[in-house]
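# Descriptive analysis of the structure
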Amino acid sequence: MNLNDLKKEIPFKWRVQSANQYGATCVAYIDARQVQDILDEVCGAEKWQVLYEEHKGNLFAKIGIKCGDEWVWKSDCGTESNMEKEKGEASDTFKRASVMWGVGRFLYSQKIIKLPVKEKNGKWIPYSESLQKHVTDANSITKWCNQLNTVK
C-alpha cells in the first residue's frame, strides 16, 4: 500500500458555490463515493474505516487507515449543506477528513470559475448566451466549467 497514491488526481466535477449579480462562482469538487472508491483502491476495503463524533456541536469524521498492525487516524469537521443538512454535513466532514490523507487535495489548486448569470425568480442563475437559457443541472455546469478551465 502506497499512501501517496491517495494524492493522485481523480476526475472531478464543478458546482456553483455562490451567485450574485456579478456572476456565479464555481468550485471543483469530488463526492463522498469517489473518496470511498480511492480509499478502497489504495488501502483495500478492509484497511480503512470512518468514525463520526460530535464535539461542542460540531460533527467530526475520523478516517483510520491500518498501517502495519496499527490504525492511524486523521480527522476534520464539516458544515451543513443547504439541502439535506445532516447528510450533507456527514459527507462534507468525511471529505474534509480524507483531505488530511491527501484525497482531493489537488482540488485546492484548481482555479475558481466565474459564470455569467441572469436573474430568474429573484435569484441569480448561470446563463448561457450561446444556448439562450439558464443552466442549472450539475452535468451542464461541470461541462461548461471544464470548457472554461481549459482556456489558457
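One can find the structure itself at the top, above this paragraph.
Below is a summary of the structure that appears in this document.

Calculation criteria
Chains are numbered independently. Their residues run from 1 in the order of the written sequence. Per-residue local features of the predicted model are confined to residues with pLDDT of at least 70, and side-chain atom pairs are confined, for both listing and counting, to 80 or more; whole-chain, interface and lining totals are unaffected and use all residues. With hydrogens and water stripped out, all remaining heavy atoms of the structure feed into the side-chain values. Working definition of a nonpolar core: buried Ala, Val, Leu, Ile, Met, Phe, Trp, Tyr and Cys residues. They are joined through side-chain atoms within 4.5 Å. Only protein chains enter the calculation, and the probe is 1.4 Å; a residue is then buried if its accessible area is under 20% of its type maximum, exposed if over 50%, and partly exposed in between. Each helix corresponds to a stretch of at least 4 residues labelled H or I by DSSP, and each strand to a stretch of at least 2 residues labelled E; elements are numbered beginning at the N terminus. For a helix, the expected span equals 1.5 Å multiplied by the number of residues minus one. As used here, the arc belongs to the directions running from the helix axis to the C-beta atoms. Pairs of N or O atoms within 3.5 Å make up the polar contacts considered here, provided that, within protein, one atom can donate a hydrogen while the other can accept it, and that residues adjacent in sequence are counted only when both atoms are side-chain atoms. When DSSP finds at least two bridges between two strands, those strands are taken to pair. Residue contacts are counted whenever heavy atoms from the two residues lie within 4.5 Å of one another.

### A few points about the nonpolar core
- By size, the foremost hydrophobic cluster in this structure holds 31 residues, and its most contacted members are Leu6, Trp14, Leu39, Ile65 and Leu115.
- When residues in this core are grouped by element, the largest group, six residues, is from helix α1 (residues 32-43).

### Structural notes on α1
- Across its twelve residues, α1 extends 16 Å between first and last C-alpha, which sits within 8% of the 16 Å expected from 1.5 Å per residue.
- Within the sequence span of α1, burial applies to Ala32, Gln34, Val35, Ile38, Leu39, Val42 and Cys43. Each buried residue of α1 lies within a common arc of 155° when the element is viewed along its axis, so the set occupies one face. Exposed and oriented more than 90 degrees from the buried face of α1 are Arg33 and Glu41.
- Where α1 starts, the residue carrying a side-chain oxygen 3.1 Å from the main-chain nitrogen of Arg33 turns out to be Asp31.
- Residue Gly44 follows α1 closely and has a positive phi angle near 95°.

### Focus on the sheet that holds strand β9 (residues 133-134)
- Across the sheet, which stays open at both edges, the three strands sit in the order β7-β8-β9 with antiparallel pairing between neighbours. The open sheet terminates on both sides in strands that have one partner only, identified here as β7 (117-120) and β9.
- In the sheet, β7 pairs with strand β8 (residues 123-128) via four bridges, with the strands oriented antiparallel. Within β8, the position partnered with Val117 by the bridge is Pro126.

### Some thoughts on the side chain of Ser128
- As for its position among the elements, Ser128 is in strand β8.
- There is a polar contact of 3.1 Å between the side chain of Ser128 and the backbone nitrogen of Leu131.
- Once residues lying within four places of it in the same chain are set aside, the contact partners of Ser128 are Lys133, Val135 and Trp144.

Honestly, it's all geometry; don't read function into it.
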